[in-house]
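Commentary on secondary and tertiary structure
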Amino acid sequence: MLKQTEGSKAVAEAIALCRPEVICAYPISPQTHIVEALGEMVKSGELMPCEFINVESEFAAMSVAIGASAAGARSYTATASQGLLFMVEAVYNASGLGLPIVMTVANRAIGAPINIWNDHSDSLSQRDSGWMQLFAETNQEAVDLHIQAFRLAEELSMPIMVCMDGFILTHAFERVDIPSQEQVDAYLPPFDPRQVLDPAEPVSIGAMVGPEAFMEVKYLAHAKQMQALELIPQLSAEFKKVFGRDSGGLVRTYCADDAETMIVAMGSVLGTIKDTVDEMRAEGHKIGVLGIVSYRPFPLAEVRAALMNCKRFIVLEKSLAVGMGGIVATDVRMAVTGTGLKGFTAIAGLGGRPIPKASLHKLFRQAEKEELPPVTFLDLDWDAVNKQLERERQNRHSGPIAENILHDKGIVSAKFG
Amino acid sequence: MFQIRVHGRGGQGVVTATEMLSVAAFEEGRHAQAFPSFGSERTGAPVVAFCRIDDKEIRLREPIMEPDALIIQDPTLLHQIDVFAGLKQDGYVLLNTHHSFETLGLSDILKERKAERFCTLPATELGLKHVGRPIPNVPLIAGFAALSGTIKLESVIKAINEKFSGKVAEGNIAAATESYYLVKEKIKGGAHA
């Protein structure tokens, strides 16, 4: 049913339609509305049979999800930012054990400095954790990806994060078509676990594995993600048959056929990028877009194919590998190895910094002329940066950086006296 | 695309106002996107929320920096932040106050712009009168419907019925209806009273 609703609410409804049996979560912005809505549905009996377990931390949330999934229950949780970091040990265990948990990550920056706003640092910090990661561009896609995620996770017996931009999507009201229970049931069969803890047929899950077998177990995790590269497009095609719309897949292109400059990005910023590209196309610029839906597994071949015919590309990403540059850009450059393509990286939108169309126009025009340095920081306030650098040159005891910058910008006075 | 920015304070229903605007537009078959300015919400702190309305899918995710309309839920904000920043030259302004723009020291802004698109509404009083709470958001979105003609009163009422039920819905509908016709009257007078 088509409705105007909040992203978090829409995702909660989609999760409920997937008939989860255990939901365990600890509240953290901007994810909280999702599990609050699910908690209400469990309490009212709208979602049953399902147990909503209040836990004392994110570490407990993931641990409970592991236990529930190992016992054969379809398990779901959601988190963001420091919450994801706090559960990391269990995050690796979930994938290492091959448990098909679905987790929403309402993408948010990682502190310090503490910041509740959106960027992709949190889930990208877990890129090597063995979890698959799909990024939603809109709330409709967030809904659809969650439904596909349970299918994908359970087919492969591997966990998956569905990543949606915190606040920008989670707190946005927009139109979303919520599928019917019949549609979801037709697409998503009941959970039939590959491994299950059952007192009637006892097994152990979580053996200690020495050098004689560890590499094989790890390789199989990699092999599963390689299988996912084939499965994700199939599940997306099947989704279209049942639900009637394109959603998911590995990558998606826009205005790419004759594009000389390609913009590569993930998540909701693709919308702003497409609007910018439309305006530039109207002025005759040969520019196109490559949206990456599946960040893990990373679709090297599809990214390469999508960029093969352009002359240059720029990866615009909401994440920063400190001391290196781009995180997504590293993978994209790997995909185009040997093509001689010119690639640029733009770090944008960290900690919720808006990514306005006007800034993108400027950036994309510079990229077209190949006038960019290898790594650009979009809309960085160089005056503020240089002032602090100068302060550090002048004064050995220059003090805390975040407080100094805030003070310089006149936002709050963090200094007393 | 029509872009609305709502300024207010935490606790005044600023975010709810934009959400209800988006629902009202959706009820008319239009595309709409409402989103808050993503602050840590605190009662009394300045809050901004946004709503876009269009006849096609809205993909843009930037904050609204050049609004077609401003709804100002708290006149004390006028001295605190530049609420008019980026307002389009022919933009609409609906201000919650029982004073006039002139007595609030805003004569200059009126001279530079289309004064007939500026209107005041005693929205807090209307909220108190009909709902029993000093929440100005519903009167203001109904007043905005009257001022701009962007959405219909019946769509606002549909949005109220989706959000509230029983006595609260009834009170809000009464507040919306009175606000709508009050603003209509003011516009007929041609002025920005």
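One can find the structure itself at the top, above this paragraph.
Every value quoted in this text rests on a predicted model; they were computed, and no experiment measured them. (Residues numbered from 1 in each chain as written. Chains lettered and ligands numbered in written order. Predicted model: local features only at pLDDT ≥ 70, side-chain atom pairs only at ≥ 80, totals over all residues. Heavy atoms only, no water.)

**Observations regarding the nonpolar core**
- Among the nonpolar cores identified, the biggest contains 98 residues, and A:Leu38, A:Met62, A:Tyr76, A:Leu152, A:Leu307, A:Phe313 and A:Val332 are the most heavily contacted of them.
- Here this core gets nine residues from one element, more than from any other, and that element is helix α7 (residues 139-156) of chain A.
- If near-sequence neighbours (up to four positions away) are discounted, A:Val332 is found in contact with A:Val264, A:Ile292, A:Phe298, A:Val303, A:Leu307, A:Phe313 and A:Val315.
- Formed by 42 residues, the second largest nonpolar core is a distinct cluster that contains B:Ala17, B:Ala49, B:Val138 and B:Ala142. (Core = buried A, V, L, I, M, F, W, Y, C linked by side-chain atoms within 4.5 Å. Buried < 20%, exposed > 50% of the residue type's maximum accessible area, 1.4 Å probe, protein only. Helix = DSSP H or I, 4+ residues; strand = E, 2+ residues; numbered from the N terminus. Contact = heavy atoms within 4.5 Å.)

**Some thoughts on the sheet that holds strand β9 (residues 251-254) of chain A**
Residues and elements named next belong to chain A.
- The strand order across the open sheet formed by six strands is β9-β11-β10-β13-β14-β15, and the pairing between neighbours is mixed. Edge strands, defined here as strands with exactly one partner in the open sheet, are β9 and β15 (375-377). Ignoring strand direction, the axes of neighbouring strands in this sheet form an average angle of 20°.
- Each of β9, β10 (261-265), β11 (287-292) and β13 (312-317) is contacted by helix α10 (residues 269-282), which is oriented at about 165° to β11, the strand it contacts most.
- Against the sheet, helix α11 (residues 300-307) touches β9, β10, β11 and β13, its axis set at about 175° to β11. (Pairing = 2+ DSSP bridges. Axes fitted to C-alpha atoms, helices over the stretch in contact; angles between N-to-C directions.)

**Some remarks on the sheet that holds strand β5 (residues 102-107) of chain A**
Residue and element names in this part refer to chain A.
- Taken in spatial order, the seven strands line up as β3-β2-β4-β5-β7-β6-β12 in an open sheet, and their pairing is mixed. The open sheet has two edge strands with one neighbour each: β3 (51-54) and β12 (294-296). Ignoring which end each strand starts from, the neighbouring axes of this sheet average 20° apart.
- Two elements, strand β6 (residues 132-135) and β12, share two bridges in a ladder whose sense is antiparallel. In the sheet register, Leu134 faces β12, and the bridge partner there is Ser294.
- Contacting β4 (75-79), β5, β6 and β7 (160-165), α7 runs over the sheet at an angle of about 170° to β7.

**Quick word on the interface of chain A and chain B**
- Opposite the 27 residues of chain A that make contact, chain B presents 24 residues.
- Here chain A meets chain B over a buried area of about 2100 Å², counting both sides, of which 55% is carbon and sulfur.
- Counting across the interface, chain A meets chain B through three salt bridges.
- The salt bridge partner of A:Asp278 is B:Arg59, with a shortest N-O separation of 2.6 Å.
- Remark: the boundary between chain A and chain B carries twelve residue pairs in polar contact (both at pLDDT 80 or more).
- Of all the elements in the fold, those that place two or more residues in the side of chain A that touches chain B are β1 (2-6), β8 (173-177), α10 and α13 (357-368) of chain A.
- The element contributing the most residues to the side of chain A that touches chain B is α10(A), with five residues.
- Here the residues of the side of chain A that touches chain B are counted per class, giving 13 nonpolar, six polar and eight charged. (Buried area = accessible area lost by both parts, 1.4 Å probe. Salt bridge = Lys/Arg side-chain N within 4 Å of Asp/Glu carboxyl O. Polar contact = N/O pair within 3.5 Å; in protein donor to acceptor, adjacent residues only side chain to side chain. Nonpolar A, V, L, I, M, F, W, Y, C, P; charged D, E, K, R; others polar.)

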